[in-house]
Each structure stands twice: as structure tokens, then as C-alpha cells.
Amino acid sequence: MPDTLVYRDTPPALLPLFGKALLPKKGLSGADITLPQLCAELLCAHTAGDNLSQYERACGFRPGNHIPMTWPHILAFPLHLKLLTEKAFPLPLLGLVHLCNTITQHRPIGVGETLKLDVCLGNQERTSRGIEFGVITNASSAGTVVWEETSTMLFRQPRAQAGTAPNTAPPPLEHYPNTTQIDVPESTGRRYAKVSGDRNPIHMHALSARAFGFPRAIAHGMWSKAHALAILEQQGGWQPGPVKVSCQFKKPLFLPGTAQLNWRTEKAGLDYQLLNARGDAPHLSGQVEWL
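The text that follows walks through the structure, step by step, so that each part is easy to find.

What counts and how
- Residues numbered from 1 in each chain as written.
- Predicted model: local features only at pLDDT ≥ 70, side-chain atom pairs only at ≥ 80, totals over all residues.
- Heavy atoms only, no water.
- Helix = DSSP H or I, 4+ residues; strand = E, 2+ residues; numbered from the N terminus.
- Buried < 20%, exposed > 50% of the residue type's maximum accessible area, 1.4 Å probe, protein only.
- Contact = heavy atoms within 4.5 Å.
- Areas by Shrake-Rupley, 256 points an atom, 1.4 Å probe, with all protein chains shown as cover.
- Pairing = 2+ DSSP bridges.
- Axes fitted to C-alpha atoms, helices over the stretch in contact; angles between N-to-C directions.
- Phe/Tyr/Trp six-rings, centres within 6.5 Å; stacked < 30°, edge-to-face > 60°.
- Salt bridge = Lys/Arg side-chain N within 4 Å of Asp/Glu carboxyl O.
- Disulfide = S-S within 2.5 Å.

Bringing the overall build of the protein chain into the picture now. Along the backbone of the protein chain there are seven helices and 11 strands. Viewed in the frame of its principal axes, the protein chain has a C-alpha envelope of about 55 × 45 × 35 Å. Considering the protein chain as a whole, with its 291 residues, one finds that 47% of them fall into the buried category. Restricting to contacts in the protein chain with at least 6 residues of sequence separation, those with at least 24 account for 73%. Total accessible area computed for the protein chain in this model is approximately 14200 Å², and 54% of it derives from carbon and sulfur atoms.

What follows is the structure, given as C-alpha cells:
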């Protein structure tokens, strides 16, 4: 059983963790990398406060009696960062790629409700792209799990080390009947960083993004998912009960930029995708399933 880092009602401070994230990792040896079993928990995560209101405004959610479905991800972010910067964790944080995210909400969570958050690393798999693993988060209320999330991360490695699976062409891009345009200001990355704590330099300014190979800053993937959800929740046919929302992150959304969200409604849920302004390349694609 893994050792668990326990926090009572205050998560770990982010600033020291950002400092640790900049330190190089030593002794990476390809096939020999095995991720340790690391877990952390926050016993009393408070869902209300000014930060929630700022988050709703930054992502486009309408204020209400229930928190946005993506808000527990923000509450758990300090625990995520703590585990990914632990000395025992062998991979460099700034070298990780967020591939996909799946959230299951078993019931709406009330504003002001206190949650217990549990985070663990797991599901390590070696693929043709490198090492993939999951950051797995559960949120409980009064002893019952009400929210679950898995964020799948990738540490890229040369194909010779990672496997021999051949390249496959992506499926043809399908366009859905419902579409709305999204204008994303240059300040989006900084506004989201302020309320989420995620201050990765690739999201903050063009200058800092260039240091990591991007011509301009790019939007946070979880901002894109949250903003898409904020729009979809306002459409007719959205169901307020148990729901599972998944997405796969594709091409970066450069800031400032214009994108288009399009979707189609099915009996069991809906399919959605965030495309570039021309509508010929996806920033993300995903599914909503009513449970």
C-alpha cells in the first residue's frame, strides 16, 4: 500500500512546488522507469469563496446553487502538483503532456459543500508515444464518492524505446450540426492561472511560451474543456443528473485566437469538439454521457 500525504483543511502551498518543478530529474533510463505509488488527500476542501466566482467568470459558467463540474479539479490541483514534484516521482513535470481528461459526476455538488479529496498516481502504461499514466482524483461528501476524475498524462520517449506501433492516420474530421464561435483573448491564460493556480509558462505570455517551443502562449486544456461545458450546459436538452464528460486534447489553441465549438445531441448524451477558426483541425474532442 502506498504512503498517503494527508492535509487537513489547507492544501499544500503552490509556490514551493513550482520551484521544485523547475529542478531537473536525474537518472532517467527509458525502459527502467517505474512510477511509484503516490497518494495525497485533503480532508476538508471548501467549495465556496471568491475564487469560485472568479473561476465561473473566467470559464463562462453561470453562477448557481451548484459548483461547475470542473471545479473539483481546481480544488485538487495542489495535490496533483505535490505528487508530480515529489522526489520519488522520476519524470520532469514540465515535460508532461495532458492527453485526455474524464470526469464523472454522480450528483450535482452544492456551493459550500465540503469535500474530501483523494489523489493517486496509477495506470502506468508504455505506449508507442512513451510512458502514459493517470492522475486519479475522487471527491467524497459525507463518506460517499460524488465525483471522479482521471487525467491521462504522457511522458514522450523515442519510438525505439516506447514500442513499435505504426503511425495511423487520424479519422476524417466530422462536423456536427450545432456551432458557436469562441473568441479567446490573449489574457485568457493569465486569468485562468490566477484562479486555478496552474501557472505553467506556456500559458502565461508569448515570451515564456517561446522558451518551450511555442510561437505564442496557448490556452490551458482544462480551460478549453470547462468553457465548452459552460456553453453546452446552457443548451436545450442538457440533463442535470449524473453525467460523465470526457475529452481528448488535440492541437494547441494559441492566444489570442478564435475557435468554434460544435456538437450533436444523441439520446444517451452528446458529442462535442472545439475546432480552429477554419473548422479543419480540432483543439479537443469529447463526449457527454448521461448516466
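Having seen the structure, we can now continue with the description.
Moving on to the sheet that holds strand 4 (residues 114-126). Taken together, the 11 strands give an open sheet; going across it, the order is 1-2-4-5-6-3-8-11-10-9-7, and neighbouring strands pair in mixed fashion. Both edges of this open sheet fall to strand 1 (4-7) and strand 7 (178-184), since each of them pairs with a single strand only. Averaged over all neighbouring strand pairs, the angle between strand axes comes to 20 degrees, with direction disregarded. The sheet contact formed by strand 2 (residues 39-46) and strand 4 spans six bridges and is antiparallel. Along strand 4, the bridge assignment pairs Glu41 with Asp118. Across the face of the sheet, helix 3 (residues 71-84) comes into contact with strand 1, strand 2, strand 3 (96-105), strand 4, strand 5 (130-141) and strand 6 (144-156) while running at roughly 50 degrees to strand 4.

This brings us to the packing of aromatic side chains. Applying the stated criterion across every chain yields a total of five aromatic pairs. Centroid distance Trp238 to Trp290: 5.0 Å. Interplanar angle 90 degrees. Geometry classified as edge-to-face. Placement of the pair is Trp238 in the loop between helix 7 (221-232) and strand 8 (243-249) and Trp290 in strand 11 (residues 282-290), with a sequence separation of 52 residues. Three or more aromatic residues link up through ring pairs in this structure, and these residues are Tyr55, Phe61, Trp71 and Tyr192.

This part covers the pattern of salt bridges. Throughout the structure, instances matching the rule amount to 11 salt bridges. For Lys116, the salt bridge identified is with Glu41, shortest N-O distance 3.5 Å. In this pair, Lys116 is assigned in strand 4 and Glu41 in strand 2, connecting sequence segments 75 residues apart. Of the residues examined, Glu41 reaches a relative accessible area of 16% and is grouped as buried. Between Glu132 and Arg129 there is a salt bridge; the shortest N-O distance is 3.2 Å. Residues participating in the shared-partner salt-bridge network are Glu174, Arg264, Glu266 and Asp271.

With that out of the way, let us pick up the state of the cysteines. This model, assessed by the stated rule, comprises one disulfide. Put simply, Cys39 and Cys120 are joined by a disulfide, and their sulfur atoms are 2.1 Å apart. Judged by the sign of its S-S torsion, about 110 degrees, the cystine formed by Cys39 and Cys120 is right-handed. Of the two residues, Cys39 is situated in strand 2 and Cys120 in strand 4; the sequence distance between them amounts to 81 residues. Classification of Cys39 by relative accessible area gives buried; the value is 9%. In this structure Cys120 comes out as partly exposed when scored by relative accessible area, which is 27%. Looking at the unpaired Cys44, the closest cysteine sulfur is the one in Cys120, lying at 18 Å. You can call Cys44 partly exposed: its relative accessible area is 31%. For the unlinked cysteine Cys59, the closest cysteine sulfur is that of Cys247, found at 13 Å.

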